[in-house]
Amino acid sequence: KNEVEQSPQNLTAQEGEFITINCSYSVGISALHWLQQHPGGGIVSLFMLSSGKKKHGRLIATINIQEKHSSLHITASHPRDSAVYICAVVGRTSGSRLTFGEGTQLTVNP
Amino acid sequence: KAGVTQTPRYLIKTRGQQVTLSCSPISGHRSVSWYQQTPGQGLQFLFEYFSETQRNKGNFPGRFSGRQFSNSRSEMNVSTLELGDSALYLCASSLATSGVQYGELFFGEGSRLTVL
């Protein structure tokens, strides 16, 4: 079992739909990152969180430390949101070392 | 403010050769980390440097090495290249400190290495 599990692996939505991507992890963490990767490879950091909830525009990230679970929500999805979304954790004893989930491929159709 | 710059963007090498990749972080960022991304293994942490010292290391063989200079620019080197080293190599910089080793990551565009 991987230390970081994401679901679903693939997700297709219609423009305007509410989207949820889930991340579960098995170790104690210092922080969790949500990353976005577009075709071509560039990665953008969406959120880094260690508790509670963060919101940026149409994106919302939540984390439940006790349940070792985080969710990324996209409200009013748009075709430009099509990308791979990656969850990564910083283990509590890992310093700066990140462990990554396998990613969720999101396709939003117009 | 300039972003993270990686060079070269693309390169082709043959087995047995070595390669050096460069990463210039955002001004003021002292932490630089490196990652390998392959279709089979996904994203994996290589190492992180802070103030010219390797602070954390992933599970890669000794053929993978790196260094950081006093201006925080970093290089990574892969010696005796193997076909399996073909990958996208990404670096990221952050405002991590000596006390808090993690921070929001700012990624470069990556260096895509093909080993023939």
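Residues numbered from 1 in each chain as written. Chains lettered and ligands numbered in written order. Predicted model: local features only at pLDDT ≥ 70, side-chain atom pairs only at ≥ 80, totals over all residues. Heavy atoms only, no water.

Comments concerning the overall build of chain A
The following threshold applies: Numbering of helices and strands runs from the N terminus, with a helix taken as a DSSP run of H or I at least four residues long and a strand as a DSSP run of E at least two residues long. Radius of gyration here uses only the C-alpha atoms, and the compact-globule reference equals 2.2 Å multiplied by the residue count raised to the power 0.38. Burial here depends on accessible area, computed with a 1.4 Å probe over protein chains only, as a share of the maximum for the residue type. Under 20% is buried, over 50% is exposed, and the range in between is partly exposed. Pairs of residues are marked as contacts when any of their non-hydrogen atoms sit within 4.5 Å. Only the protein chains shown count as cover for residues, and all accessible areas are computed by the Shrake-Rupley method using a 1.4 Å probe.
Within chain A, the regular secondary structure consists of zero helices and eleven strands. Helices and strands appear in chain A in the N-to-C order β-β-β-β-β-β-β-β-β-β-β. In summary, chain A has a C-alpha radius of gyration of 13 Å against a globular reference of 13 Å for 110 residues, a match within 12%. With the C-alpha coordinates of chain A rotated into their principal frame, the extents come out at 45 × 30 × 25 Å. Put simply, chain A has 110 residues, and 46% of those count as buried. Put simply, 55% of the contacts in chain A that link residues at least 6 apart link residues at least 24 apart. As displayed, chain A offers around 5200 Å² of accessible surface, 48% of which is attributable to carbon and sulfur atoms.

Here's the deal with the nonpolar core
The criterion, for reference: In this text, buried Ala, Val, Leu, Ile, Met, Phe, Trp, Tyr and Cys residues form a nonpolar core when linked through side-chain atoms within 4.5 Å.
Grouped together as the largest cluster of nonpolar side chains are 23 residues, with contacts concentrated most on Leu32(A), Trp34(A), Phe47(A), Leu72(A) and Tyr85(A). Listing elements by their share of this core, those giving two or more residues are strand E3 (19–25), strand E4 (29–37), strand E5 (43–49), strand E7 (59–64), strand E8 (69–74), strand E9 (83–91) and strand E11 (104–109) of chain A. Sequence-distant contacts of Phe47(A), defined by excluding residues within four places in its chain, comprise Leu32(A), His33(A), Trp34(A), Lys54(A), Lys55(A), His56(A), Leu59(A), Ile60(A), Ala61(A) and Leu72(A). In this structure, Leu11(B), Leu21(B), Ala87(B) and Cys91(B) belong to the second largest nonpolar core, which totals 21 residues.

What to know about the sheet that holds strand E8 (residues 74–78) of chain B
Residue and element names in this part refer to chain B. For clarity, the threshold we go by: In short, DSSP must find at least two bridges between two strands for them to pair. What counts as an axis is a line fitted to C-alpha atoms, over the stretch in contact for a helix, and the angles between N-to-C directions run from 0 to 180 degrees.
The four strands lie next to each other as E1-E3-E8-E7, forming an open sheet whose pairing is antiparallel. Each edge of the open sheet is held by one strand with a lone partner, namely strand E1 (5–7) and strand E7 (64–68). On average, adjacent strands in this sheet sit at an angle of 15° to one another, irrespective of strand direction. Pairing between E7 and E8: five bridges, direction antiparallel. Bridging from a neighbouring strand, Gln68 pairs with Ser74 of E8.

Here's the deal with the state of the cysteines
Residue and element names in this part refer to chain B. Let me state the cut-off plainly: Here, two cysteine sulfur atoms that lie within 2.5 Å of each other are counted as a disulfide.
The final tally for this structure, using the stated rule, is two disulfides over all chains. Through a disulfide, Cys23 is tied to Cys91; the S-S separation comes to 1.9 Å. The chirality of the disulfide connecting Cys23 with Cys91 is right-handed, given an S-S dihedral of about 70°. Of this pair, Cys23 sits in strand E3 (residues 19–24) while Cys91 sits in strand E9 (residues 87–94), and the two are 68 residues apart along the sequence. There is no split in this pair, since Cys23 and Cys91 are both buried.

Considering the packing of aromatic side chains
For any pair of aromatic rings, the description consists of the separation of the ring centres together with the inter-plane angle of the planes. Short version of the rule: Classification of ring pairs rests on two measures: the distance between centres of Phe, Tyr or Trp rings, Trp counted by its six-membered ring, which must be within 6.5 Å, and the angle between planes, read as stacked under 30 degrees, edge-to-face over 60 and tilted in between. Lysine and arginine charges are scored as sitting over a ring when NZ or CZ, respectively, is within 6 Å of the ring centre and within 35 degrees of the ring normal.
Using the criterion set out here, one finds five aromatic pairs over all chains in the structure. Where Phe100(A) meets Tyr35(B), the ring centres are 5.5 Å apart and the plane angle is 90°; that geometry is what we call edge-to-face. Taken together, the positions of Phe100(A) in strand E10 (residues 98–100) and Tyr35(B) in strand E4 (residues 31–38) put the pair across two chains. Each member of the pair, Phe100(A) together with Tyr35(B), is buried. An angle of 70° between the planes, with centres 5.6 Å apart, marks the rings of Phe47(B) and Tyr49(B) as edge-to-face. Among the aromatic residues, those joined into a cluster by ring pairs are Phe100(A), Tyr35(B), Phe45(B) and Phe107(B). Directly above the aromatic system of Phe50(B) lies the positively charged group of Arg55(B), at a separation of 4.3 Å from the ring centroid.

Such coordinate-based values are descriptive only and should not be taken to indicate function.
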